[in-house]
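Read off the chains here:
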Amino acid sequence: MTDTARIAQRELFLARFAHLFEHSPWVVERTFDSGSVGAGDAVDALHAAFCRTLREASDGERLALVRAHPDLAGRLAAAGRLTADSAKEQASAGLDRLTDEERRRFTELNDAYKARFDFPFIFAVKGRGKDEIRKAFEERISHDRESELNEALRQIEKIVWLRLSGDDPAVPATPGARLMQRLDALAQFTAEPGKLTRLYLTGEHKAAMEQVRAWMAEAGLATHVDGMATLVGRYESEPPGAPALLVGSHIDTVRDAGRYDGNLGVLAAVQAVDELHRQGRRLPFAIEVLAFGDEEGVRFPTTLSGSRAVAGVFDPATLDLADAEGISLREALLAFGCNPDPAAISAIARNGGRALGYVELHIEQGPVLQDAGLPIGVVTAINGATRFSIEVEGVAGHAGTVPMELRRDALAATCEMVLAIEREALGRDGLVATVGMLRPMPGAGNVIPGKVSFSLDIRSPRDDDRENAIAAIERKLSDIAVRRRAELRMTRTYDEPAIAADRSMRAALAAAVRRCGYRVLELPSGAGHDAMAIGGVMPMAMLFLRCRDGISHNPLESITVDDAQVAVDVLVEFLASFDPDVALP
């Protein structure tokens, strides 16, 4: 192509798309110059390319883009100085027809928001009513600055999608884009305005479950809710009645959560089945999509209740455990509309050949995939974990009167122990050790600490490595205590064995990743999942999806539309090619 032709194409591209990003044509220019798309490409490819450019921009560039947007129903709108796109969008939401009281309230919100964050409130208003916009405004103004800037960028991506697709209903969203839209919609079911908090067996859990149930029905899944409040959607086999491959995750959250932990695995599975349904494809095995409700263990002093029931290892004594309000698990299940009878719960178990295995997609919750430049990875095992409560006792004394060489400083001994733990973990492949809590006593600035209590969490994908590391750490800590004339007490408080992913299913997932065009990276899971309970009784495998900076259990959780598309593509490829006779022993 000649330089003249290239320049002409660039001018055409800018003329068509420069308006998408408010007063920021550099995003479109940079996207064209990358050579990744052209003016004739499909809407979904264009949108993905523009979002990639935005995500790869510097922090300063992204902030400048956010600041380039106008206030909603603000002074520029009143003066008729909005861009054509913004004017049309605000008018579609009724923001050009406010009463005096409504305009006063929006002005107050705009001023307060900009004073707090130093950039304008951004919301994809197309198709939304002014009351809904105002409510979102009032909720988001309580966010911290980092999470709100992240939300503003997500809203810009939505606005660009809406501007690209225009008013033509024939323009389809990609499966990845539909998945992201549903994840956003599911995040609205929360107990705390402005924060995502959805605990097991609450009203928010039930409302979210009903929304997922509706999406399952759209995807051709027949649904029911079992006795532990797990939502089950079955995509029947051809011929009907074959055993099912289980695919799922959880829809409960921690307090002030991100929107992808757990929810991604459920909705990506629904989206994958929806793709098969759209193609009219039935498989020689059934698919059951499971939406568990008790993975996080926030409300009750137990966890994995739903997945333990599916595995057939649920302990009926758990039904008597109570939450902070004194409501037992049994009572909460009854109020939710479930039957917590032990016999009914026992019938949930997928034993006797009812299930072929279990597959779970989850955000990585770590930075390994991001560091490798890969969107998706295959899990080798869920790490086993051991926790200790440790006490180191020396002698408290006056900070000014006890010479250094005569001290029995419990905190100094503890510090040496913490570094010894770190050195031991660094020398063992795949093993991690964490001191997360440390409490020196008496905790006064002018007193030598006489006692310290601290926690130790050790995890590894191999139980023998973990036990060997524990033995080595116990020896080193004991040596330090003797040398520093301190007493050491170590109490093991928790033990969970490692669960290895099934080799055949893991290989099938890796093959699907490879066929979708990605290098296969295998990595262990340092966190627990529903797969941990199920993997003890049937073949289990997991996929990890890249999440920005490895952040999880936090409103800053973030994945891209591109990566969401990869997740759906890999799941569809895996399901469509899965052969139970080959994949299972």
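## With respect to the packing of aromatic side chains
This structure, assessed with the given rule, holds 17 aromatic pairs. Seen in terms of ring centroids, Phe13 and Phe17 are 5.0 Å apart; in terms of plane orientation they differ by 65°. Their pairing is edge-to-face. Of the two residues, Phe13 and Phe17 both sit in helix α1 (residues 3-17), four residues apart, roughly one turn of that helix. Between the aromatic rings of Phe121 and Phe137, the centroid separation amounts to 3.9 Å while the plane-to-plane angle is 10°, which identifies the pairing as stacked. With Phe121 in the loop between α7 (100-117) and α8 (130-140) and Phe137 in helix α8, this pair connects stretches of sequence that are 16 residues apart. Pair check on accessibility: Phe121 and Phe137 agree, each one buried. Joined through ring pairs, the aromatic side chains of Phe106, Tyr113, Phe117, Phe119, Phe121, Phe123 and Phe137 make up one cluster.

## Concerning the pattern of salt bridges
Tallied over the full model, the rule gives 50 salt bridges. Between Glu210 and Arg213 there is a salt bridge whose closest N-O contact spans 3.8 Å. Taken together, the positions of Glu210 and Arg213, both in helix α11 (residues 203-218) and three residues apart, correspond to about one turn of that helix. Looking at Glu210, the relative accessible area reads 37%, which means it is partly exposed. When its relative accessible area of 25% is taken as the criterion, Arg213 is described as partly exposed.

## Side note on the side chain of Arg350
Position of Arg350 among the secondary structure elements: in the loop between α15 (342-346) and β5 (355-363). Within the structure, Arg350 has its side chain in polar contact with the side chain of Glu288 (distance 2.9 Å). Among all residues touching Arg350, those that are not within four sequence positions of it are Val232, Leu246, Glu288, Leu290, Val310, Ala355 and Met538.

## Observations concerning unusual backbone geometry
Each neighbour pair has its own omega, and for Glu238 with Pro239 the value is 5°, a cis peptide bond. Relative to the helices and strands, Pro239 resides in the loop between β2 (231-235) and β3 (244-250). Phi angles above zero are rare outside glycine, and Ala229 is one such case at about 65°. For Ala229, the location among the structural elements is in the loop between β1 (222-225) and β2. Positive phi, close to 55°, is recorded for Arg485, a residue that is not glycine. Along the chain, Arg485 turns up in the loop between α18 (463-483) and β13 (487-496).

## Topic: the side chain of Asp71
Among the secondary structure elements, Asp71 is positioned in the loop between α4 (59-67) and α5 (75-78). Other than its neighbours up to four places away in sequence, Asp71 contacts Gln90, Asn110, Lys114 and Pro120.

## Things to note about the pairing of strand β16 (residues 540-545)
Taken across its six residues, β16 has six buried, putting it largely inside the fold. Alternating positions in β16 separate into two faces, Met540, Met542 and Phe544 on one and Ala541, Leu543 and Leu545 on the other, with burial throughout. Relative to β16, strand β6 (residues 376-382) runs antiparallel, the two being bridged by three bridges. When the bridges of β16 are listed, Gly377 appears paired with Phe544.

## Observations concerning the nonpolar core
Within the largest apolar cluster, 100 residues are counted, with the highest numbers of intra-cluster contacts made by Leu245, Leu264 and Ile287. With 10 residues, the top contributor of residues to this core is helix α21 (residues 561-577). Once residues lying within four places of it in the same chain are set aside, the contact partners of Leu245 are Phe285, Ala286, Ile287, Glu288, Leu356, Gly357, Val359, Met505, Phe574, Leu575 and Phe578. Counting residues in hydrophobic clusters, the runner-up holds 46 residues, among them Phe50, Phe119, Ile159 and Val160.

## Thoughts on the packing of helix α3 (residues 43-56) against helix α9 (residues 145-165)
Between two packed helices, both the angle of their axes relative to each other and the distance between the axes serve to describe the pair. Orientation of α3 relative to α9, taken along the N-to-C sense of each, is 155°, at an axis distance of 10 Å. Between α3 and α9, the angle is such that the two are roughly antiparallel. Judged by the sense of rotation from one axis to the other, the crossing of α3 with α9 is right-handed. Contact residues: α3 offers Val43, Asp44, Leu46, His47, Phe50, Cys51, Leu54 and Arg55, while α9 offers Asn150, Leu153, Arg154, Ile156, Glu157, Val160, Trp161, Leu164 and Ser165.

## Observations regarding the packing of α4 against α9
Viewed as axis vectors pointing N to C, α4 and α9 meet at an angle of 70°, and their least axial separation amounts to 10 Å. One element, α4, and the other, α9, form an angle in the roughly perpendicular class. Crossing handedness for the pair α4 and α9: left-handed. Where α4 approaches α9, its residues Arg62, Leu63, Leu65, Val66 and Arg67 are matched on the opposing element by Arg145, Leu149, Ala152, Leu153 and Ile156. Classifying every residue of the contact of α4 with α9 by side-chain character gives seven nonpolar, no polar and three charged.

## Observations concerning helix α2 (residues 26-33)
Residues spaced three or four apart along an α-helix point in a common direction, a consequence of the helix completing one turn every 3.6 residues. Restricting attention to buried positions, one finds in α2 the residues Trp26, Val27, Val28, Thr31 and Phe32. Residues of α2 that are buried make contact with α1, α3 and α4.

## Some thoughts on the environment of Phe137
Under the relative-accessibility criterion, Phe137 is labelled buried at 0%. Taking the C-alpha atoms as reference, Phe137 lies 9.8 Å from Leu72; in sequence the two are 65 residues apart. What Phe137 contacts, discounting residues up to four positions off in sequence, is Phe106, Leu109, Asn110, Tyr113 and Phe121.

## A few points about the state of the cysteines
Applying the stated criterion across every chain yields a total of zero disulfides. The thiol of Cys51 is unpaired, and the distance to the nearest cysteine sulfur, on Cys547, comes to 18 Å.

## Here's the deal with the environment of Arg408
Position of Arg408 among the secondary structure elements: in the loop between β8 (397-398) and α17 (410-426). Distance from Arg408 to Ile382, taken between C-alpha atoms, is 40 Å for residues 26 residues apart in sequence. Once you skip the residues sitting within four places of it in the chain, Arg408 turns out to touch Gly394, Val395, Pro449, Arg484 and Arg485.

Thresholds applied
- Residues numbered from 1 in each chain as written.
- Predicted model: local features only at pLDDT ≥ 70, side-chain atom pairs only at ≥ 80, totals over all residues.
- Heavy atoms only, no water.
- Phe/Tyr/Trp six-rings, centres within 6.5 Å; stacked < 30°, edge-to-face > 60°.
- Helix = DSSP H or I, 4+ residues; strand = E, 2+ residues; numbered from the N terminus.
- Buried < 20%, exposed > 50% of the residue type's maximum accessible area, 1.4 Å probe, protein only.
- Salt bridge = Lys/Arg side-chain N within 4 Å of Asp/Glu carboxyl O.
- Polar contact = N/O pair within 3.5 Å; in protein donor to acceptor, adjacent residues only side chain to side chain.
- Contact = heavy atoms within 4.5 Å.
- Pairing = 2+ DSSP bridges.
- Core = buried A, V, L, I, M, F, W, Y, C linked by side-chain atoms within 4.5 Å.
- Axes fitted to C-alpha atoms, helices over the stretch in contact; angles between N-to-C directions.
- Parallel < 35°, antiparallel > 145°, perpendicular 65-115°, else oblique.
- Left-handed = near helix turned anticlockwise from the far one by under 90°.
- Nonpolar A, V, L, I, M, F, W, Y, C, P; charged D, E, K, R; others polar.
- Disulfide = S-S within 2.5 Å.

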